[in-house]
Amino acid sequence: MLIENLERESGLTRSQILYLSITASKRYKIYTIPKRSGGKRVIAHPSRALKAVHRWICSVLISQFPVHQCALAYKKGTNIRTHASQHASSKFTLRMDFVNFFPSFSASHIQRFIEDLSNKLDVGLSQQDIDFVASIATRNGKLTIGAPLSPALTNAMMYEFDDRLFVAASGKELVYTRYADDIFISSKRPNSLEEMLDFVLAESIQYRYAKLKINKKKTAYLSRRYRRSITGLTITPEGKLSIGRKRKREIKSLVHKYILGSLPQSEVDRARGLVAFSNDADPEFFWSLCEKYGHANLEKLLRRLEKSI
C-alpha cells in the first residue's frame, strides 16, 4: 500500500522507487562540522529526491506513530526552554546522553518496529513496504545525522523506552525528559537519583528497537546549589531559566559591534543566530537587548536572518 501510494503521488514508477531504495546509501553528501566538545561530527545529507521521499514517509506514515510526552525534541510547539522548564523547580538532576544516537538505530531495528506498530495500529503495510522504509531511511544500514527522517523516526521508536523511564521516575516522584540523545532526571530530594542511573543503563542494554549505549564520561549529577545547564539553558539557584552570563556578554558585544559597523562579516551570521536563540530561549534578556540597542536594530538583524534561511 505504501509504495503504491508513493507511486501514485510522486509520478515515479515502481521500478524507479525500488531503485531509489536500493541505491539510497549512495545518495548522500558527506561532510563534517566541529563539535562543541571537540572533534568532528559527520553529517550525511541526502539528495533532493531522497530527502523528498523521507519527508513524504514522515507525513503519511511516521506521523501516525505516537511520540511520548517526555520526548521534547523535534516536536512542534516545544523548544529547549519548554524542555528545561520541566526541571526548573527541582534541586538535583541526573544528566546522561547516548553515544552515536542516530546510528544506534539499524535497518533491522526499523523493520521490527514498523512491523510491530503497523500491526498494532492496523496501518496495513506489506513486508515490501516495511523493507522499503528501512532501506530508504538508512545509509549503510543505519540512520544518519542530517536526514529529515531520522529525528521523527527515532522519537517514535523511543516511545517504549521513554514510557518505561517515565513510569519508573513518576513512581519515585522524579521528573524524566529526553531531548534527542540527552536524558534528564530530576528530583527535589537528595540521594534519590542513583537507582535511576542503574535503571537507565539496564533499559538501554535490553532495548529492542535500538542498540543504545550510555556515554558514561558525560554522565553527571547536577545540583541546584550551583547553576545547572540543561540543553543549553542555565537554571539558576532561584529556579529561573537563563542563557547564562557568559553567552549574554558575548551577544551584547556582538550586537554592539554590529550596530557600530565594526563586526567582521564572518561574525555577522553568528550574531544573528545568537540573537534569534535568545529571543526563543530567554525572552527577558532579548527584550533587554531591544531596550538597550533599539528595537529597529534588532529587527533589522533578525530580518536578515530570515532572508538567509
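This is a predicted model, so every value here is computed, not measured. (Residues numbered from 1 in each chain as written. Predicted model: local features only at pLDDT ≥ 70, side-chain atom pairs only at ≥ 80, totals over all residues. Heavy atoms only, no water.)

### Quick word on helix H10 (residues 245-260)
In this model H10 runs 23 Å from its N-terminal to its C-terminal C-alpha over 16 residues, within 8% of the 22 Å that 1.5 Å per residue would give. Of all the residues in H10, the buried ones are Ile 251, Leu 254, Val 255 and Tyr 258. One side of H10 holds all its buried residues, which, seen down the axis, span an arc of 95°. Exposed residues pointing more than 90 degrees away from the buried face of H10 are listed as Arg 245, Lys 246, Arg 249 and Leu 260. Immediately beyond the C-terminal end of H10, within one or two residues, lies Gly 261, with a positive phi of roughly 80°. (Helix = DSSP H or I, 4+ residues; strand = E, 2+ residues; numbered from the N terminus. Expected span 1.5 Å × (residues − 1). Buried < 20%, exposed > 50% of the residue type's maximum accessible area, 1.4 Å probe, protein only. Arc of directions from axis to C-beta.)

### As for helix H11 (residues 265-281)
In this model H11 runs 25 Å from its N-terminal to its C-terminal C-alpha over 17 residues, within 8% of the 24 Å that 1.5 Å per residue would give. Among the residues of H11, those classed as buried are Val 268, Ala 271, Arg 272, Leu 274, Val 275, Phe 277, Ser 278 and Ala 281.

### Observations regarding the pattern of salt bridges
Across all of its chains, the model carries ten salt bridges by this definition. Of the charged contacts in the structure, one is a salt bridge between Lys 172 and Glu 195, with a shortest N-O distance of 2.9 Å. Here Lys 172 is found in the loop between helix H8 (159-171) and strand E4 (175-179), whereas its partner Glu 195 is found in helix H9 (residues 194-206), with 23 residues between them in sequence. One salt bridge in this structure joins Asp 269 and Arg 272, with 2.9 Å as the shortest N-O distance. In this pair, Asp 269 and Arg 272 both sit in helix H11, three residues apart, roughly one turn of the helix. Its relative accessible area of 10% is what places Arg 272 among the buried residues. Connected via shared salt-bridge partners are Asp 116, Glu 160 and Arg 208. (Salt bridge = Lys/Arg side-chain N within 4 Å of Asp/Glu carboxyl O.)

### Details of the nonpolar core
The nonpolar side chains of a soluble globular protein tend to be buried with one another. Counting residues in hydrophobic clusters, the biggest one holds 60 residues, and the most contacted among them are Ile 57, Phe 132 and Phe 161. Residue contacts for Phe 132: discarding those within four places in its chain leaves Leu 2, Ile 3, Leu 6, Ile 17, Ser 21, Val 53 and Ile 57. Judged by nonpolar contacts, the second largest core, of 32 residues, contains Leu 263, Phe 277, Phe 286 and Leu 289. (Core = buried A, V, L, I, M, F, W, Y, C linked by side-chain atoms within 4.5 Å. Contact = heavy atoms within 4.5 Å.)

### Brief notes about the packing of aromatic side chains
Applying the stated criterion to the full structure yields ten aromatic pairs. For the pair Phe 161 and Tyr 207, a centre-to-centre distance of 5.6 Å together with 75° between the ring planes defines the contact as edge-to-face. Here the residue Phe 161 occupies a position in helix H8, and Tyr 207 occupies one in the loop between H9 and strand E6 (220-223), the gap between them amounting to 46 residues. On the accessibility criterion, Tyr 207 (8% relative accessible area) is buried. Clustering of aromatic rings is evident, with ring pairs tying together Phe 65, Tyr 74, Phe 98, Phe 101, Phe 102, Phe 105, Phe 113, Phe 161, Tyr 207 and Tyr 209. (Phe/Tyr/Trp six-rings, centres within 6.5 Å; stacked < 30°, edge-to-face > 60°.)

### Quick notes on the packing of helix H1 (residues 2-10) against helix H6 (residues 127-137)
The contact between H1 and H6 brings their axes to 8 Å, and the two run at 65°. Between H1 and H6, the angle falls in the class roughly perpendicular. Facing H1, whose interface residues are Leu 2, Ile 3, Glu 4 and Leu 6, H6 presents Gln 128, Asp 129, Phe 132 and Val 133. Looking at the contact of H1 with H6, its residues break down into five nonpolar, one polar and two charged. (Axes fitted to C-alpha atoms, helices over the stretch in contact; angles between N-to-C directions. Parallel < 35°, antiparallel > 145°, perpendicular 65-115°, else oblique. Nonpolar A, V, L, I, M, F, W, Y, C, P; charged D, E, K, R; others polar.)

### Considering the environment of Gly 239
Tracing the backbone through its elements, the reader meets Gly 239 in the loop between strand E8 (233-235) and strand E9 (241-242). When the C-alpha positions of Gly 239 and Ala 88 are compared, they lie 5.0 Å apart, and in sequence the two are 151 residues distant. Those residues in contact with Gly 239, other than ones at most four positions away along the chain, are Ala 88 and Arg 224.

Keep in mind that these numbers describe shape and distance, not what the molecule does.
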